[in-house]
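Structure assessment
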Amino acid sequence: MIKTASRIIFIIKAFVFFSFSVSFAQTTSVTLSGIVKDKKDKTALPFVNIVLKTEKDSTFVTGTVTNEEGRFTLSGVKPNHYLLEVSFIGYVTKQQPLFVGNLSEFLDIKTLELEENITTLSEVVVTGKQDDVSEKMDKKTYSIENNISQSGGSVLQVVQNLPGVTVQDGKVQLRGNDKITVLIDGKQTALTGFGSQTGLDNIPSSSIEKIEIINNPSSKYDANGNAGIINIVMKKNKQEGFNGKVGLTTGLGALWVRKENLPTIRPQYQATPKVNPSLTLNYRKNKVNVFLQADNLYTETLNKNEFVTRTYDDGTIIRQQLKRNRNTNFFTSKAGIDWHIDEQNTLTVSGLFGSEKIIDRGDQPFFNSDLSDRLRLWQFFEDELKTTAMASATYQHKFKQAGHLLNAGFNYTFHREDEKYFYDNYLPLSTGTDAFKLLSDEQVYDFNVDYIKPLKHGRIETGVKLRNRIIPTNMDFRPGENSVLDVSAGGWATYKELIPALYSNYVFENATWEAELGLRVEYVNINYEVNPDHSTYKSDGYDYTQPFPNFRLAYKINDANKLSLFYNRRVDRPNEVDIRIFPKYDDAEIIKVGNPALRPQFTNAVELGYKTSWQNGYFYSGAYHRFADGTITRISTIVPNNTLIYAIFQNAGKSQNTGLEIVLSQDIAKWYAFNFNANVYYNQIDAFTVENLYPVTHTFSAERQTIYSGNVKLNNNFHLPKNFEMQVTAVWLAPDIIPQGKIAQRFSLDLGVKKSIQKEKGELFFNANDLLNTMIIKKDIQGNGFKYTTSDYYETQVVRLGYSYKF
C-alpha cells in the first residue's frame, strides 16, 4: 500500500473563464419542491396556492397550486432572495423568506404546515446550482460552435487555445500538468483512454457539442487524474420531430517548408489536405427519442520534423533529423434511443463505434557534425488500425420530489490495437529490415448506481461503481540484419484491473456560506502477467484501499465578491502502455519500453481564490499548490557498451507545483469583448535515483530541477455587421522543465471568421491556426553520458473552410 502524503499546503487558485467563445454550463434556474400539510392531523392539503415574490419589492415571480397529494413544484427560479407565500381557504396565509443559491439544481423545501391559528414557520433556505468557475469553480463548459478559430479541427486543436489549457507533445495540460482523465459523455472509453488521455488529436471537433473542464472533481468522479477531468459531450438533439445538422470542412496544412531536409531523404509533406464531413440526425415523437451522429476526419500531416544535435561525453557529435509523414482516417459514430417509459422512468440505450487508421512513412538520417558523412539512414513504415466499440444502457428513476433521482448504468467497451511496423536500416556496408506486429484486445465492464436527494439546504449524492478490465497483448518480433531488437523481449502479457468504489458527497449553502464535503474510497487490484520467458521482467502487480476526500468552502462577501477554498486528493495509476514490457522504437536510436514495477502517483492539492464581478466583466486572481509523491516520469539512459538510449517510465519521488493565475474579462462595446488569462507557476522535481532493469540493470540519478514558467492568452471576439463574427487568439508559453531537460518558449496566433446565412440555418467559417507559423518546439535534454538539443518544425499552420446547415 502506498503511503499518503503527510503535508497539506494552503494556497491561492484561479481558474479561467472564457467569456466570448465559451458558454458556461451553469444552472441559471432552480426547481423548488415541497409538500403542504395540515399541522394538526398531518394530512396533505390539495389545491393550496403557492406564490413566490421578490423580497425587495414583493413583485410576483411565479406561482402554482398543490396537487391531490399536497405536493408542488416551482420551476425556472433564478438565484435570488424571495418571499414564499402559502395560502388556502380556512387557513392563515403564511409568508417566509427564501434564499435561492447556486449549488443545487433542485431544492426540497420539505413539509410546510398550515393551521387555523397563528403559525410561525422557520426560515426556509433554498439552494441552486451553478457549475461555473466564477461561482463554484469546479467546472467550465466550452461551446465548440463558438470556438471559431479552431472549427473543423480535432479536439486537441480546439482545447489548445482555451484559457488555462496548454498542449505539449500531443497532450493537454492544465496548469502545466498532463495527468488528466478524459471522458466521453461522462464515461471513460478506449477512444480517449482509461485513466490517461489518448487519441484527442484524431477525434473531429464536428462531432462535439461542448467540452467540460473539471479542475476540482467531486467524489462522484473516479479518483484518477490529478490535474482534472475533460468531459467531451457528443452532439445530441431532443427537439420534437425530425431534425439534424450536416456539415463539411476542408483545409490545408504545411503550406511551405519551414526547414529543409537533411540530405538523401524523401520529401516532407506539403499542402496537406484535411476533409471532415459530419452528420447529426434526431427524431423525437411522444415517448421515444432516436439519435445518430457520424463523422469522418481524413488528414495528411507533417506529424514530426525534428532536427537533433546529440553530443556524447567523449566529444562525438551526431546530427540527425526525424521526419514523419502521416495519413489518418478517423471515423466515429454514435446512435441510440431514449425511451421515456412514463413520467418517472427513462431508459437510454446507445452504441459508439470508432475506427482509426494511421499510416506513417518516415526517414531518419544520421550524419557527422559537418554533414559530410552519412553514418546511417533509417526509414520506416507504420500501419496501425484501432477499433473501438462501446455499448451503454442507462436507467433513471425520478421520485415524486423534484430532483430526487436514482440512476443506474452499464457500459461495455471493446478496443483492438492492430499495429504493424517495418524499419529499413541502411548502413554503409549492409541493409537490414526489422518488423514486428502487436495485437491487443481490451475489454472493460463498468457498472454504476448513483442516488441524489435534495435537502433543505443543499443535497446529498452517493453511489457505487465497479470496473473490471482485461488487456491481453501479444508482440511478434522479426529482426533483420544488424538489428538492435531484443527478440527475447517479445511474447505475451496480460493486464488485469479490478476497481470497486464507494462515494458520498454533501452540499450545503445559505446566503453567506457554501460548503461541499465528499469522500471516495477505492479498492484497486492490478495484476500484470508476463511471458515467463521474457528476458528481464517478471509478473508483477499491486493493490490498495485508499480514501480520496474533497472539500470546498466559500464565503460570499457580497453578491459581487467571493472567496473559495478547495482541497482534494487524487491518484494517477500507471496505464497499461506505461508498464507494457515490449521494447519499441521511438526513433532509430531510442528504445521505449514499459516498467511493470511502476506504482501509482498520489497528489494533494489546495487552492484559494478570489473573484469580483461587475456588469460587463470580472477579475479573478488566485494561486494554487500541488504536491505529489511517486511522481511518474520517463527516464532516458544509455547502458554500458551500448549507444542506444532506453526510455523507461519510473517513479521519480516527490514533485511540486505552485502558481499564480489571473483572469480579466470585459465587454468593451457591443462589437468587441476580450478575455485575458495569465498563469505563472514554479515547478520542482526533487533529486532522485532510480534503477532501470532493462536491458541490463543500471542506475540513474538526477539533481533537483526547478523552473519558473507560465503562459499568457488573449482571446478577442468581434461582432461585426451583416452577421459576421471574428475571433483572434494569441498564446505565449514560457520556457518550462520536462523530464531531464527544458523546453523553450513558444508563441502562436489563431484567427477565425464565421457568418450566418440562410436565415441562420446555415453557417460559413474560415480559420487559420498558427497564422504566423511561429510554433516551434525546442528542447534541451541532459542524459546519462550524453546531451542533445532538438527543434521540431512539425505542421502547426492550417487553414480551413467549412459550411454547415441545420434542418
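Since the structure is predicted, the reported quantities are computational estimates derived from the model, not experimental observations. (Residues numbered from 1 in each chain as written. Predicted model: local features only at pLDDT ≥ 70, side-chain atom pairs only at ≥ 80, totals over all residues. Heavy atoms only, no water.)

**Section: the overall build of the chain**
A count of helices and strands for the chain gives 2 helices and 46 strands. In terms of overall dimensions, the chain has C-alpha extents of about 105 × 60 × 45 Å along its principal axes. Counting the 807 residues in the chain, one finds 56% classified as buried. Once local pairs closer than 6 in sequence are excluded, the contacts in the chain between residues at least 24 apart make up 69%. Of the accessible surface of the chain, which amounts to about 32800 Å², a share of 56% is contributed by carbon and sulfur atoms. (Helix = DSSP H or I, 4+ residues; strand = E, 2+ residues; numbered from the N terminus. Buried < 20%, exposed > 50% of the residue type's maximum accessible area, 1.4 Å probe, protein only. Contact = heavy atoms within 4.5 Å. Areas by Shrake-Rupley, 256 points an atom, 1.4 Å probe, with all protein chains shown as cover.)

**Observations concerning the pairing of strand S31 (residues 617-629)**
Most of S31 sits out of view: 10 of its 13 residues are buried. Pairing geometry for strand S30 (residues 601-614) and S31, over 13 bridges, is antiparallel. Within the sheet, the bridge partner assigned to threonine 603 lies in S31 and is alanine 628. Counted between consecutive antiparallel strands, the loop separating S30 from S31 contains 2 residues. Direction of pairing for S31 relative to strand S34 (residues 654-669): antiparallel, over a ladder of 13 bridges. By the bridge assignment, tyrosine 618 is partnered in S34 with serine 665. (Pairing = 2+ DSSP bridges.)

**Describing the confidence of the model for the chain**
Overall, the prediction assigns the chain a mean pLDDT of 86, with 92% of residues at 70 or greater. Here residues 1-26 is a poorly scored stretch, pLDDT under 50, and it has 113 contacts once near neighbours within four places are set aside; other chains count. Low pLDDT, under 50, characterises residues 118-134; the predicted model gives this stretch 80 contacts beyond four residues in sequence or across chains. (pLDDT = per-residue confidence, 0-100.)

**Thoughts on the pattern of salt bridges**
Following the criterion strictly, the structure yields 38 salt bridges and no others. Across the salt bridge formed by arginine 478 and aspartate 476, the nearest N and O atoms sit 2.9 Å from each other. A single network of salt bridges, built from pairs that share partners, joins Asp222, Asp446, Lys465, Arg467, Arg520, Glu522 and Arg573. (Salt bridge = Lys/Arg side-chain N within 4 Å of Asp/Glu carboxyl O.)

**Digging into the sheet that holds strand S12 (residues 180-184)**
In space, the 4 strands of this open sheet follow the order S9-S13-S14-S12, with mixed pairing throughout. Each having just a single partner strand, strand S9 (140-143) and S12 make up the two edges of the open sheet. Across the sheet, the mean angle separating the axes of adjacent strands is 20° when strand polarity is ignored. (Axes fitted to C-alpha atoms, helices over the stretch in contact; angles between N-to-C directions.)

**Some remarks on the pairing of S12**
Residues in a regular strand project their side chains so that they alternate between the two faces of the sheet. Most of S12 sits out of view: 5 of its 5 residues are buried. Neither face of S12 is left uncovered, since the one carrying Ile180, Val182 and Ile184 and the one carrying Thr181 and Leu183 both have all their residues buried.

**With respect to the packing of aromatic side chains**
In the structure shown here, the tally under the stated rule is 29 aromatic pairs. Consider the rings of phenylalanine 307 and tyrosine 793, whose centres lie 5.9 Å apart with planes at 80°: the pair is edge-to-face. With phenylalanine 307 in strand S17 (residues 288-312) and tyrosine 793 in the loop between strand S45 (786-792) and strand S46 (798-806), the pair connects residues that are 486 residues apart, well separated along the chain. Of the two residues, phenylalanine 307 and tyrosine 793, both sit in the buried class. Summarising the aromatic geometry, the rings of tyrosine 542 and tyrosine 544 are spaced 6.3 Å apart at their centres and angled 0° between planes, so their arrangement reads as stacked. Taken individually, tyrosine 542 and tyrosine 544 each receive the classification buried, so the pair is uniform in this respect. An aromatic cluster is built from Trp378, Phe380, Tyr421, Tyr423, Phe436, Phe477 and Tyr585, whose rings are joined through pairwise contacts. (Phe/Tyr/Trp six-rings, centres within 6.5 Å; stacked < 30°, edge-to-face > 60°.)

**Topic: unusual backbone geometry**
The omega torsion across tyrosine 694 and proline 695 is -5°, close enough to zero to call that bond cis. On the secondary structure map, proline 695 appears in the loop between strand S36 (688-692) and strand S37 (698-702). One non-glycine residue, phenylalanine 47, lies in the positive phi region at around 60°. Mapped onto the fold, phenylalanine 47 is located in the loop between strand S1 (30-38) and strand S2 (49-54). Of note in the backbone geometry, glutamate 760 takes a positive phi value of approximately 65° without being a glycine. Mapped onto the elements, glutamate 760 comes out in the loop between strand S42 (746-757) and strand S43 (762-769).

**Re the sheet that holds S1**
As summarised here, the arrangement of the 3 strands in space is S4-S1-S7, forming an open sheet in which the pairing is mixed. Whereas interior strands pair on both sides, the edge strands pair on one side only; in this sheet they are strand S4 (71-77) and strand S7 (106-114). Neighbouring strand axes in the sheet, compared pairwise and without regard to direction, differ in orientation by 20° on average.

**Considering a nonpolar patch on the surface**
Taken together, the side chains of Phe242, Val246, Leu279, Tyr283, Val288, Val290, Leu292, Ile337, Trp339, Val349 and Phe807 define a hydrophobic patch exposed on the protein surface, amounting to about 880 Å² of accessible area. Residue assignment for the nonpolar patch shows that the elements contributing at least two residues are strand S15 (241-253), strand S16 (272-285), S17 and strand S18 (317-340). Broken down by element, the residue count for the nonpolar patch peaks at 3 residues, all from S17. For valine 246, the position within the fold is in strand S15. (Patch = residues over 30% accessible without salt bridge, like charges linked within 9 Å, V, L, I, M, F, W, Y side chains within 5 Å.)

**Concerning the environment of threonine 512**
Mapping threonine 512 onto the fold places it in the loop between strand S24 (491-509) and strand S25 (513-530). When its relative accessible area of 30% is taken as the criterion, threonine 512 is described as partly exposed. It is 9.8 Å that separates the C-alpha atoms of threonine 512 and glycine 101, two residues lying 411 residues apart in sequence. Setting aside residues up to four positions removed in sequence, threonine 512 forms contacts with Ala554, Tyr555 and Lys556.

**Regarding the environment of serine 350**
Its place among the elements puts serine 350 in strand S19 (residues 345-367). Owing to a relative accessible area of 15%, serine 350 belongs among the buried residues under this scheme. Residues serine 350 and alanine 44, spaced 306 residues apart in sequence, show a C-alpha to C-alpha distance of 41 Å. Dropping the residues within four chain positions of it, serine 350 is found in contact with Phe291, Lys334, Ala335, Gly336, Met390, Ala391 and Ser392.

**A look at the side chain of arginine 746**
Within the secondary structure, arginine 746 sits in strand S42. For the buried residue arginine 746, which engages in no salt bridge, the nearest side chain bearing the opposite charge is aspartate 736, 5.7 Å off. Only 3.1 Å separates the side chain of arginine 746 from the backbone oxygen of alanine 744, close enough to count as a polar contact. Those residues in contact with arginine 746, other than ones at most four positions away along the chain, are Val167, Gln168, Val731, Trp732, Leu733, Ala734, Met775, Ile776 and Ile777. (Lys, Arg positive; Asp, Glu negative; His and termini not counted. Polar contact = N/O pair within 3.5 Å; in protein donor to acceptor, adjacent residues only side chain to side chain.)

**With respect to the environment of lysine 323**
Tracing the sequence through the fold places lysine 323 in strand S18. For the pair lysine 323 and lysine 304, spaced 19 residues apart in sequence, the C-alpha separation works out to 5.4 Å. Residues contacting lysine 323, with those up to four places away along its chain left out, are Asn261, Arg266, Pro267, Gln268, Leu302, Lys304, Asn305, Arg361, Gly362, Asp363 and Phe380. Polar contacts involving the side chain of lysine 323 include one to the main-chain carbonyl oxygen of arginine 266, which spans 2.9 Å. A polar side-chain atom of lysine 323 sits 3.3 Å from the main-chain carbonyl oxygen of proline 267.

**Brief notes about the side chain of glutamine 173**
Inspection of the secondary structure assignment puts glutamine 173 in strand S11 (residues 171-174). Glutamine 173 gets classed as buried once you look at its relative accessible area, which sits at 9%.

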